[in-house]
Amino acid sequence: MILTIPNAVSAVRISLIPVFVWLLVGRDDPTAAGLLLGFIGATDWVDGYLARRLGQVSELGKILDPIADRAAVMTALLAGWAAGVLPGWFTLAVLARELLVITGTGWAVARRGVRIPVRRVGKVATFAIYFALPGFMLHAGGEGEFFRWFAWVVGITGLALYWYAAALYARDVLALVGRDDSQVSSTLRDNEEPK
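Just so it is clear, the model here is predicted, and its values are computed rather than measured.

Enquirer: Quick question: what am I supposed to make of the overall build of the protein chain here?
Expert: Counting its regular elements, the protein chain contains 7 helices and 0 strands. Ordered by position in the sequence, the α and β elements of the protein chain form the string α-α-α-α-α-α-α. Against the compact-globule benchmark of 16 Å for 195 residues, the protein chain has a radius of gyration of 17 Å, which places it among compact chains. For the protein chain, the spread of C-alpha atoms along the three principal axes comes to 55 × 35 × 25 Å. Within the protein chain, the proportion of its 195 residues that are buried is 47%. Put simply, 82% of the contacts in the protein chain that link residues at least 6 apart link residues at least 24 apart. Surface accessibility of the protein chain: about 9,600 Å² in total, with carbon and sulfur atoms responsible for 68%. Here the protein chain contributes 18 positive and 16 negative side-chain charges, whose respective centroids are spaced 6 Å apart.

Enquirer: I'm lost on the nonpolar core in this one. Help?
Expert: Note on soluble globular proteins: their nonpolar side chains tend to be buried together. Of all hydrophobic cores here, the largest spans 30 residues; its most connected members are F20, V94 and L133. Breaking this core down by element, the ones donating at least two residues are helix 1 (5–26), helix 2 (30–42), helix 4 (59–82), helix 5 (88–112), helix 6 (120–140) and helix 7 (145–177). Setting aside residues no more than four positions away along its own chain, V94 makes contact with V73, L77, I129, L159 and Y162. Ranked by size, the runner-up nonpolar core spans 11 residues in total, among them V114, I116, V121 and L168.

Enquirer: Would you mind showing me how to read the packing of aromatic side chains here?
Expert: The geometry of two aromatic rings is summed up by the distance between their centres and the angle between their planes. Counted by the stated rule, this structure contains 8 aromatic pairs. A centroid spacing of 5.8 Å and a plane angle of 15 degrees characterise the contact between W89 and W152, whose relative ring orientation is stacked. Placement of W89 in helix 5 and of W152 in helix 7 is noted, with a sequence separation of 63 residues between them. Aromatic ring contacts, followed pair by pair, group W89, F90, F136 and W152 into a single cluster. Just above the ring of Y162 sits the side chain of R97; from NZ or CZ to the centre is 3.8 Å.

Enquirer: Which parts of the structure should I look at to understand helix 2?
Expert: Here helix 2 contains 13 residues, and its C-alpha end-to-end distance of 18 Å stays within 8% of the 18 Å for a straight helix at 1.5 Å per residue. Here helix 2 has its buried residues at P30, T31, A33, G34, L36, L37, G38, I40 and G41. Those residues of helix 2 that are buried lie in contact with helix 1, helix 3 (44–54), helix 4 and helix 6.

Rules used throughout
Residues numbered from 1 in each chain as written. Predicted model: local features only at pLDDT ≥ 70, side-chain atom pairs only at ≥ 80, totals over all residues. Heavy atoms only, no water. Helix = DSSP H or I, 4+ residues; strand = E, 2+ residues; numbered from the N terminus. Rg over C-alpha atoms; globule rule 2.2 N^0.38 Å. Buried < 20%, exposed > 50% of the residue type's maximum accessible area, 1.4 Å probe, protein only. Contact = heavy atoms within 4.5 Å. Areas by Shrake-Rupley, 256 points an atom, 1.4 Å probe, with all protein chains shown as cover. Lys, Arg positive; Asp, Glu negative; His and termini not counted. Charge placed at Lys NZ, Arg CZ, Asp CG, Glu CD. Core = buried A, V, L, I, M, F, W, Y, C linked by side-chain atoms within 4.5 Å. Phe/Tyr/Trp six-rings, centres within 6.5 Å; stacked < 30°, edge-to-face > 60°. Lys NZ or Arg CZ within 6 Å of the ring centre and 35° of its normal. Expected span 1.5 Å × (residues − 1).

What follows is the structure, encoded as structure tokens:
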């Protein structure tokens, strides 16, 4: 099943990422870029909810949703750092975690044909990062001190949870290393990518 409403939502979220970059870098409008990124982040749950509610869960959807999340977060980090609206150390800490999780889960899929199960803490961390980044952008756009403090509180909390979730995912991947294919749980094979 390719043409589904949830897949269309994921595709729209992905298609908005270049618009975000244009707003932030091309137009130098961190406020508009932050609002759009907030929208992309706020709609993260919509595709999964619709897939389950409408009975339209698909293999493509299980791939598109994490691609939308990873692409949005990584693009926001790189563009925000290049535009000078995100702190460098924060950007590097989130990027390092993203690369670690992508590498580990990529290995699990390539070598074992499994997707590591999503953990709730990973979803909460992704949600926090999704809202910290627009907070930094709104503050850079002159929208007030509230957004700076919001970005830092939510960002530090999200970053801590992000790395905690990464440690749990690393444990899951390491548990697969010494197993042969008959020992790999079939329940791992049907889950979506980690957040």
